[in-house]
Each structure stands twice: as structure tokens, then as C-alpha cells.
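Understanding the architecture of this molecule
Okay, here's what each chain looks like letter by letter:
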Amino acid sequence: MSGEVTDKLGRRELDVTRSPPSNYHVEDSQRVHKVGVPPRQKLSKEFAATLKETFFHDEPLRPFKDQPKSRKLVLGLQALFPILDWGRDYNRSKFMGDLIAGLTIASLAIPQDIGYAKLANLDPQYGLYSSFVPPLVYAFMGSSRDIAIGPVAVVSLLLGTLLRNEIDPSNKDEYRRLAFTATFFAGITQVTLGVLRLGFLIDFLSHAAIVGFMAGAAITIGLQQLKGFLGITTFTKKTDIVSVMHSVLTSVHHGWNWQTILIGVSFLVFLLITKYIGKKNRKWFWVPAIAPLISVFFATLFVFITHADKHGVAIVHDIKKGVNPASANQIYFTGRYLLKGFRIGVVAGMIALTESIAIGRTFAAVKDYELDGNKEMVALGTMNVIGSMTSCYVATGSFSRTAVNFMAGCNTAVSNIVMSFVLLLTLLLITPLFKYTPNAVIASIIVSAVIGLIDIEAMILIWKIDKLDFIACMGAFFGVVFVSVEIGLLIAVGISFAKILLQVTRPRTALLGKLPMTCVYRNIQQYPDATKVPGILIVRVDSAIYFSNSNYVKERILRWLIDEEEQVKANKQTRIQYLIVQMSPVTDIDTSGIHALKELHRTLQKREIQLVLANPGQAVIDKLYASGFANLIGDNKIFLTVADAVQAYAPKTEEP
């Protein structure tokens, strides 16, 4: 057998005196590993494989494989309506947990919904409507066991701000119609992202930007509550902190109402105390959950008995009684408001998705189950499309309600169904009881709810980990607080994309040296004991090489070379004769990257320096051979490891 000998025990060994196998080459009688070149795939197959990994990495059709048609129908229905799957094992024990959780989150949802509707500049009943129909739809289609559905503060504020820029809220009919139109297109956006499996797009909004945006939105929401908290009748329509504080301070002598302030401060203190109790001991989670409803009850009773509404205390007034009226005929499908509703809906839908998916993933990780992001998008989108036709505005997963739902012991999405039925009874029976609810207590409930959106610890951690992330966080925060919610959102998105572009166009590179007593080569800045090899410069590129960074990578390598040559010349050391590029982190390369390597090769030839590559990956080596670059430098210049390359060429370096 050519290239092999057999020892006395019958084991086969490589005989380097004969022709080596194809995956080895010999330099100076030394055995050196060579990079394996995979068989060249057809471009169509390669493209199909890339497409599949991008959009169908979780193989959604795998459960349908080799199944009879009847079974495929059942599996299809279960994929669309997960309740048909987990519902088969549902029992009384699980229902008791869901019942308690549903009742608990309903007690939190009712007062919050009234307040959040005001943030969206809608009548209070629309907040209650949005916690009745959407949770029912989600319970049948959602894949999360823990998410509690309803209006949320940030989306309500964002929607209200964007809508108010187009139509004055005093024009209730057109304003409401535009709200339903935006909700419809928010749902269409979410369904489209789920069906086309484009959910990865929401990940472009970085965690740091979200932290800053949420904190800024919380401050803005809190500032907006000063109107109800202080009893101010004339208040600015702008949301930036300068305009709000100017409006507050100019009305201090004639606009503030001391009875309103007393109610607001008293119940805010009560709510904050209950939140502290619930945080200190998880067994008391129900205390902060029912505290808002208790606050509404006693505040309403106080106003009714004392007739405080006659003395300047603003109240909610009548909340329309009855279930959700149909609103499909109110959606703008034509006319000048169609595009405006579409634009607002896309923005609100994306933010709602980002918040809900983040919440779902968080609690799914705690309970150790998988959350299907694409199914979630379809479920959330469907519920908003249906919601827009039943007088609801954009609903999504609420963090505060989901946390209460989780701690209350929910087992499935049935807790959303329980909450929906409680909201149904509220709409049918008790909405008139909210007539004397003071706006101050609603403001207190909203302030206590959004305080949790300001995550100081996360901001400090972001500062410690990544300063660019911190800039993104603060940019989003100050944009929301000092300009507007939509500008803050644009800043958050803009900085997130800028960071991506910066990292792509300016990838990291490093000089490598040999660790003592090993054949391992590492970054000399990270490992000061690592020593350079005389006559050889070793550079690692820590990124794929694309059109966006190829010139930078080439220029950065040449700068490393020039700096090293100056040091070598000053210290009278062996001149640089070989440049080894460690390509393990280079996951891919395009035609611009190949062109940059060719230019680098030509430049090095003029300097009488040979270019050597170490461990290019499968996709890279395939393209190096397809482009002819491997033949240009010689396949004996491509090694499996840096150690192999150094072993082959270190003895050949000449003294200066």
C-alpha cells in the first residue's frame, strides 16, 4: 500500500519516505497537515442550503415527513392552534392554577387598561376592549404558556404620539378610525414576518437600545401623568421633558389642585409599598397585583362620598357599557389615511413584537421550554387583525402582567381566557362604577407600573461590558426624553445599525505569537508571554471578508507589516520574509475579499515577502480555489494550522 508501512503489531503508519496521501504535504522531510478541500457543490445546491439555513433552520416541515394525509391535517391544525396539542392533557389541577392566575392578572389589567387607553388618546373602554378579544385569540394560537396579553404602556404612548401627529384627538371619529387602521396593519406586519420567517429582523434592535428606549419611554409616560396627578387642565401636547416641565411650572399658581395631588400621592405611595412587599417576598406576589384595583375602589368611593369632583378633582366619567362593537367598516382601506395608518402600524407592530418576543423568551427559559418565534408572530398578528375589527387597538405581551401571571402559578394560556371573561363581565356589568374614578389614581397606577421599565442595573452592566452599546442605550434614552418617542426610536434603530456597520466595516485583527513550550499561537496583546517568530509576521483576521471591509482588512494587514518592519529594522532583527494570515475566524469571503487578497499578494511580492494562509474554512477554501487564488499563491502556501506554516518556513528565514 503506497505511503504506508505496517509495524510488528499490524498497525499502519505513514511512511514519509513514500508518496504522502492527498491530505498531507512534505516540507524538509517534515510531515505537515494540509487544508482539506471539499468537493465543489453546484451553485444552486449551495444557494439552496444557505437559503434553508437562513429561513428554515428549525425544519418546520419535519414533523410532517412520512405522515399520512389525515395525520398531516391534524399536525397542521396543531401547528396553527397549539391549544389542540397541549389541550389534550389539560386537567383540573392545571385549570386551578390558570384560574387563580387569570383572576389575578384581570385585577391588574382593568385599571391599567383604563390608563393605557388614555395614553393612546382613546376613550377608556377601548383599553378594556383590547384585553377581551386579543387574549382569547392568542390563547388558541400562541405558543407561550406565560405571556399575558393586553395593551402596554410603551406601545400605547407610541401609538398615541404617532396618531396625534396626523389627527387631532378631539376629532374622535377620524382619530379612532386611524387607530383601528394602524392596529390592522400592525397585525398584518406581524403575520407577514411570521409567515415569511423574517423574525430575525426584530433582532436588529439591540438589547442596549431597547433598554434605553424603554427607560426613556417610562420617563415620558411618567411625565405625561403629571396632568392627572396634579389636576392640570391645560397641558402641552408635546412629550419632551422641556415642554412638559414648562407646562407644569407655568400652571403652578392656577392649574394645580391640592385634593387631586393628595389622592395621587397617597395612592402612589400605597402602590409603591405593595410593589416593595411583593418584591421582597414572592409569596406576596398577589399584593401588588390587586393593589391597583383596590386603589381604584377606594379612590372612587372617596370621590363619590366627598363629591370631590365638584371641587376640581378630574374623574374618568362614563365608560361605555357593553362588549366590543364591530369596527371592520371603520378601517381606512382607501383614501389619504391609508398610507399613514400603514406607516404607524408597521412601527407599532414591530415595537410590540420586540417587547412580546423578549418577554416570551425570558419566561420560556425559566420554565425550560421552546418558544417558536414565528408562531408567536403569526399569533400576535392574527389577534391584532381581529382586534382591529372589534374596536381594539394594538395589544401585545405585557411584562408586568406576565410576571404576575408567572408568579400566580399559570400553567397554560387558559389564564388569558380567564382574564378575558373577567373583562367581559366588567364590560357588561360594572363599567358604570368607574364613573367617579379620579384621574389621579389612574396616573398613580401608570407611574407605579412603568417604574419597572427603568433598569438602572442593566445600564450599568452595559457600560461595563461595551461602551458602544452604552452610547446606543443613552442615545435612545435622551432621544425619547428630550425630543419625542418616534425620534428616540429612530435613534435607537440608527445607532444599532451604525454599530453593525462599524463592526462589519472595521473588523478586529491581531498579531499572533507563540506561547512558551507549546505550538499554540495567540494574540500577543492578550498573552504578553507569546513571542514573535523571527522573519515571520502572523496576523489573524477576526471577521468574514466582504466588500464592506475588504480594503480595510488589506490596509490593516499592511499597516501591521509596516510597523513590524520598522521595529525589526531598528532592532537589527531578521527581516520579515513570510506573512501568515490566520483565517480560522474568517467565516466567508466574497469577490471583493478575493480581490483584496490578490492586491495584498502583489504588494507583498514587491517587498519580497511570501503570503501564507492558515486554516481557511470550507466556504473560504472553496472560493479560494474557484477564483484561482489558491493556484496563484500555490497550494503549498495554505496550511491547516499556524504551527504547520511556521514549521515549514521558519528554517528558511534569512538573517538581515
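Remember, predicted model here, so these are calculated numbers, not experimental data. (Residues numbered from 1 in each chain as written. Predicted model: local features only at pLDDT ≥ 70, side-chain atom pairs only at ≥ 80, totals over all residues. Heavy atoms only, no water.)

**Details of the packing of helix α8 (residues 172-195) against helix α14 (residues 337-367)**
- Their axes nearest at 6 Å, the elements α8 and α14 cross at an angle of 55°. On the basis of the axis angle, α8 is oblique to α14. When you trace α8 past α14, the crossing you get is right-handed. Residues Glu174, Leu178, Thr181, Ala182, Phe185, Ala186, Thr189, Gln190 and Leu193 of α8 form the contact with α14, whose own contacting residues are Tyr337, Leu338, Lys340, Gly341, Phe342, Ile344, Gly345, Val346, Gly349, Met350, Ala352 and Leu353.
- The class makeup of the residues in the contact of α8 with α14 is 13 nonpolar, 6 polar and 2 charged. (Axes fitted to C-alpha atoms, helices over the stretch in contact; angles between N-to-C directions. Helix = DSSP H or I, 4+ residues; strand = E, 2+ residues; numbered from the N terminus. Parallel < 35°, antiparallel > 145°, perpendicular 65-115°, else oblique. Left-handed = near helix turned anticlockwise from the far one by under 90°. Contact = heavy atoms within 4.5 Å. Nonpolar A, V, L, I, M, F, W, Y, C, P; charged D, E, K, R; others polar.)

**Comments concerning the sheet that holds strand β10 (residues 578-582)**
- Taken in spatial order, the 6 strands make up an open sheet running β8-β7-β9-β10-β11-β12, and their pairing is mixed. Here the strands that pair on one side only, and so sit at the sheet edges, are β8 (521-523) and β12 (638-639).
- As paired elements, β10 and strand β11 (residues 610-614) share 5 bridges and run parallel to each other. Paired with glutamine 582 across the strands is alanine 614, a residue of β11. (Pairing = 2+ DSSP bridges.)

**A few points about the pairing of strand β9 (residues 536-541)**
- Counting buried positions along β9 gives 6 out of 6 residues, so the element sits mostly inside the fold.
- Residues of β9 alternate between two faces, with Ile536, Ile538 and Arg540 on one and Leu537, Val539 and Val541 on the opposite face, all of them buried.
- Across 5 bridges, the pairing between β9 and β10 is parallel. Note on β10: the bridge partner recorded for isoleucine 536 is tyrosine 578.
- A crossover connection joins β9 to the parallel β10 through helix α22 (residues 550-571); in handedness this β-α-β unit is right-handed. (Buried < 20%, exposed > 50% of the residue type's maximum accessible area, 1.4 Å probe, protein only. Right-handed = clockwise from strand over helix to strand, strands pointing away.)

**Description of the pattern of salt bridges**
- Following the criterion strictly, the structure yields 15 salt bridges and no others.
- The salt bridge partner of arginine 88 is aspartate 85, with a shortest N-O separation of 2.9 Å.
- The class for aspartate 85 is partly exposed, based on a relative accessible area of 36%.
- The salt bridge partner of glutamate 166 is lysine 340, with a shortest N-O separation of 3.4 Å. Within this pair, whereas glutamate 166 is found in the loop between α7 (153-164) and α8, its partner lysine 340 is found in helix α14, the two being separated by 174 residues in sequence. (Salt bridge = Lys/Arg side-chain N within 4 Å of Asp/Glu carboxyl O.)

**Here we look at the nonpolar core**
- By size, the foremost hydrophobic cluster in this structure holds 102 residues, and its most contacted members are Leu159, Phe213 and Ile351.
- Setting aside residues up to four positions removed in sequence, phenylalanine 213 forms contacts with Val154, Ile351, Ala476, Phe477, Val480, Val485, Gly488 and Leu489.
- The next biggest cluster of nonpolar side chains, apart from the first, holds 32 residues, and it includes Leu537, Ile589, Val620 and Ile621. (Core = buried A, V, L, I, M, F, W, Y, C linked by side-chain atoms within 4.5 Å.)

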